[in-house]
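Below are the chains, spelled out letter by letter.
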Amino acid sequence: MIGAIAGDIIGSVYEHRPIKSKDFPFFHVDCRFTDDSVLTVAVAKAIMEDGDYQKWIRKIGRKYPNAGYGGSFIGWLYSENPVPYNSWGNGSAMRVSPVGLAFDSIDEVLSEADRSARISHNHPEGIKGAQAAALAIYLARTVKDKKLIKKEISSRFGYNLERTVDEIRPSYGFDISCQGTVPEAIIAFLDSESYEDAIRNAVSLGGDSDTLACITGGIAEAYYGPVEHWIAENVEKIFPPDLWAITCEFLKT
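Analysis parameters
Residues numbered from 1 in each chain as written. Predicted model: local features only at pLDDT ≥ 70, side-chain atom pairs only at ≥ 80, totals over all residues. Heavy atoms only, no water. Phe/Tyr/Trp six-rings, centres within 6.5 Å; stacked < 30°, edge-to-face > 60°. Helix = DSSP H or I, 4+ residues; strand = E, 2+ residues; numbered from the N terminus. Buried < 20%, exposed > 50% of the residue type's maximum accessible area, 1.4 Å probe, protein only. Lys NZ or Arg CZ within 6 Å of the ring centre and 35° of its normal. Disulfide = S-S within 2.5 Å. Core = buried A, V, L, I, M, F, W, Y, C linked by side-chain atoms within 4.5 Å. Contact = heavy atoms within 4.5 Å. Salt bridge = Lys/Arg side-chain N within 4 Å of Asp/Glu carboxyl O.

Side note on the packing of aromatic side chains
And step 1. Tallied over the entire structure, the rule returns 12 aromatic pairs.
And step 2. Consider the rings of Phe189 and Tyr223, whose centres lie 5.2 Å apart with planes at 70°: the pair is edge-to-face. Residue Phe189 is found in helix α11 (residues 182-190), and its partner Tyr223 is found in helix α13 (residues 209-224); the two are separated by 34 residues along the sequence.
And step 3. What makes Phe189 buried here is its relative accessible area of 0%.
And step 4. A connected cluster of aromatic rings, assembled from ring pairs, spans Phe26, Phe27 and Trp230.
And step 5. One cation-aromatic arrangement involves Lys146 over Phe189; the distance from NZ or CZ to the ring centre is 5.0 Å.

As C-alpha cells, then:
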C-alpha cells in the first residue's frame, strides 16, 4: 500500500507537466499527496472497520477537500444523498490497492473491488478497471508470476497487454479513463525490473502520472516486496499523520 501512495506522490509533480523520460528526481521538491492516496487510505479504513466503502471514502475524503478530486466526484462527495454517477474514470482503480492486499481469493478480490468501485464509478469500465488493478495486486503478491498475471488480466478483462512501455510512450497522452490508464499501468509493471523502475516506467508515459504511478506502484510493491526504507521515509514526511497512522495500522493487520 505504501507503494501505491509513493507512486501517487512521485507522479504528482508531473500530472500537468508530463515527461517522456525515465530520468527524473524520484522525490521532487514539489511532490505532494493527492486524492489517489487519500482515497486509498479510505478504502483501507473501510476494510479494517465495517466494509462500508461509501461512508469512509466520504468521511476521509472530506477531511482533505483540496486533494485534487474531479468535479463529478466532488459533487458526489458533498451530496446529502450520494448516488453513483456512471463514471468510467480511473478513480475507481487508483484507490483499490488495499482490496488486492486484504482478501485471500480471486472471487473475494473481484467482489470487493466491484463494491468499492460501484458506489461512485458504476460504469462497466469503472468497475472493470478496479477489478483488474486489484486482481493484478493479488496475483503479484501470491503467485509472483508476470506471465500468469498478464494472461489472467488480459483474458478476464480484454486489455491489450502485448504492448511495451517504449511502444506506448510516443503517442500516449493524458487520459483519465480506466480503459486508457489501467492497462498502461499494468504494462509499466510488467516491463519493470524493480519497484523504482516500475514507477519510472509509469511516469515516463506522460499521462495522468500520479494515477498511473499509484496503480503501478501498488502492483510493483506486491510483486517485488516492501518498498525501500528511504522511499517509505519520504512518504511519511509528506503524508499527514492521520493518514500515515491508518496506513501503518492496515499493514499490521
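Anyway, onward from the coordinates.
Considerations on the state of the cysteines
And step 1. All told, the structure shown has zero disulfides when counted by the stated rule.
And step 2. No disulfide involves Cys248; its nearest neighbouring cysteine sulfur is the one of Cys214, lying 17 Å away.
And step 3. Take Cys248: its relative accessible area is 24%, and that puts it in the partly exposed class.

Some thoughts on the nonpolar core
And step 1. The biggest cluster of nonpolar side chains holds 90 residues, and the ones touching the most others in it are Val38, Val99, Ile153 and Val235.
And step 2. In contact with Val38, not counting residues within four places along its chain, are Phe33, Ile60, Gly61, Tyr64, Ala67, Tyr69 and Leu243.

Quick notes on the pattern of salt bridges
And step 1. Within the structure shown, the criterion is met by 14 salt bridges.
And step 2. Asp197 serves as the salt-bridge partner of Lys22, at 2.7 Å between the closest nitrogen and oxygen. Placement of Lys22 in the loop between α1 (2-12) and α2 (35-49) and of Asp197 in helix α12 (residues 195-204) is noted, with a sequence separation of 175 residues between them.
And step 3. Classification of Asp197 as buried rests on a relative accessible area of 15%.
And step 4. A salt bridge links Glu162 to Lys150; the nearest nitrogen and oxygen atoms lie 3.5 Å apart. Taken as a pair, Glu162 in the loop between α9 (146-157) and α10 (165-168) and Lys150 in helix α9 lie far apart in primary sequence, 12 residues in all.
And step 5. Using a relative accessible area of 60% as the deciding quantity, one classes Glu162 as exposed.
And step 6. Judged by its relative accessible area of 26%, Lys150 is partly exposed.

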